[in-house]
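Fold and contact review
What follows is each chain in one-letter form.
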Amino acid sequence: MFIVALTGGISTGKSTVARLLQNEHGIPVVDADFYARKVVEPGKKAWYKIRSSFGDEVFKSDDQIDREKLGHIVFRDTSKRRCLNQITHPEIMKEMLWMVCKYALKGYPFVVMDLPLLFEIKGDLLRFVHKIIVVTCEPDIQLKRLIDRDLKGVELAKMKISAQMPLEEKARLANFVIDNNGSFEETREQVNQVVAVLKSDKFHLKIRIFLSLVSVCLM
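The paragraphs below set out a description of the structure included in this document. These figures come from a predicted structure and were not determined experimentally.

A sheet is described by the order of its strands in space; here five strands give the open sequence β2-β3-β1-β4-β5, paired in parallel fashion. One side of each edge strand has no neighbouring strand; the edge strands of this open sheet are β2 (29-31) and β5 (176-179). Between one strand axis and the next, the sheet turns through 25° on average, direction left out of account. Inspection of the sheet shows strand β1 (residues 2-8) paired to strand β4 (residues 129-136) by six bridges, in the parallel sense. By the bridge assignment, Thr 7 is partnered in β4 with Val 134. Across the sheet, helix α1 (residues 14-24) lies against β1, β2, β3 (110-114), β4 and β5, angled at about 150° from β1, the strand it touches most. Along the sheet, helix α5 (residues 78-105) makes contact with β1, β2 and β3, crossing β3 at roughly 160°.

Next comes the structure, spelled out in structure tokens:
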């Protein structure tokens with residue numbers, strides 16, 4: 001099995017692409033945002049570290065993290081954003097890689113890891129990624145989508161966008177670029193084309209042959 005990374009900018013339409021991959025093509029998608037919420041649930045390791053680092057003011061009365069308050073802090077201060085990432089990302093990666101292993105045992109030829117900050121978070125994950133899909137759109141469309149989605153002001157939306165690597169840089173590092181400026185059908189057709197290429201990739205067979213040879217040698 002090989003790993004395909006799905007990334008892009010905030011509000012470029014990455015979630016739409018992930019749903020198409022999962023619902024229309026039956027490809028397993030491991031979503032970083034899902035695990036980002038899971039690892040900060042009350043009582044979890046990251047939850048304690050966030051309380052210690054950011055204080056009680058970023059927590060609600062039910063001990064859940066107030067994501068809006070925390071977001072205002074970290075998007076205005078690079079050092080605090082780095083601190084939060086150092087707390088949460090190792091825990092998120094553990095959860096995601098465990099799920100990837102489960103899909104590998106089920107015999108899937110590849111799995112998609114939905115990673116909004118694939119390039120922003122420095123680490124070893126890129127070494128294990130076989131292909132990268134980047135979802136892009138025009139900056140004005142991205143800004144409007146983010147404002148419409150979060151119902152927040154232009155200033156905070158621009159800070160969230162500027163906290164990520166520019167889309168054109170991500171696109172240069174991609175194996176596939178999906179242009180999400182147009183209609184849903186246009187995006188779907190691009191996804192279909194990418195999936196056709198991925199399904200024709202026999203890299204997973206090479207991995208299986210290699211692992212089989214290693215197991216024979218160790219017997």
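Applying the stated criterion to the full structure yields 13 salt bridges. Between Glu 95 and Lys 38 there is a salt bridge, with the nearest N and O atoms lying 3.6 Å from each other. Of the two residues, Glu 95 is situated in helix α5 and Lys 38 in helix α2 (residues 32-38); the sequence distance between them amounts to 57 residues. A salt bridge links Glu 91 to Lys 94, with the shortest nitrogen-to-oxygen separation between them at 3.4 Å. Placement of both Glu 91 and Lys 94 in helix α5 is noted, with a separation of three residues, approximately one turn of the helix. Under the relative-accessibility criterion, Glu 91 is labelled buried at 16%. Put simply, Glu 24, Glu 185 and Arg 188 are held in one network by salt bridges that share partners.

About the cut-offs
Residues numbered from 1 in each chain as written. Predicted model: local features only at pLDDT ≥ 70, side-chain atom pairs only at ≥ 80, totals over all residues. Heavy atoms only, no water. Pairing = 2+ DSSP bridges. Helix = DSSP H or I, 4+ residues; strand = E, 2+ residues; numbered from the N terminus. Axes fitted to C-alpha atoms, helices over the stretch in contact; angles between N-to-C directions. Contact = heavy atoms within 4.5 Å. Salt bridge = Lys/Arg side-chain N within 4 Å of Asp/Glu carboxyl O. Buried < 20%, exposed > 50% of the residue type's maximum accessible area, 1.4 Å probe, protein only.

Function cannot be inferred from these measures alone, as they are strictly geometric.
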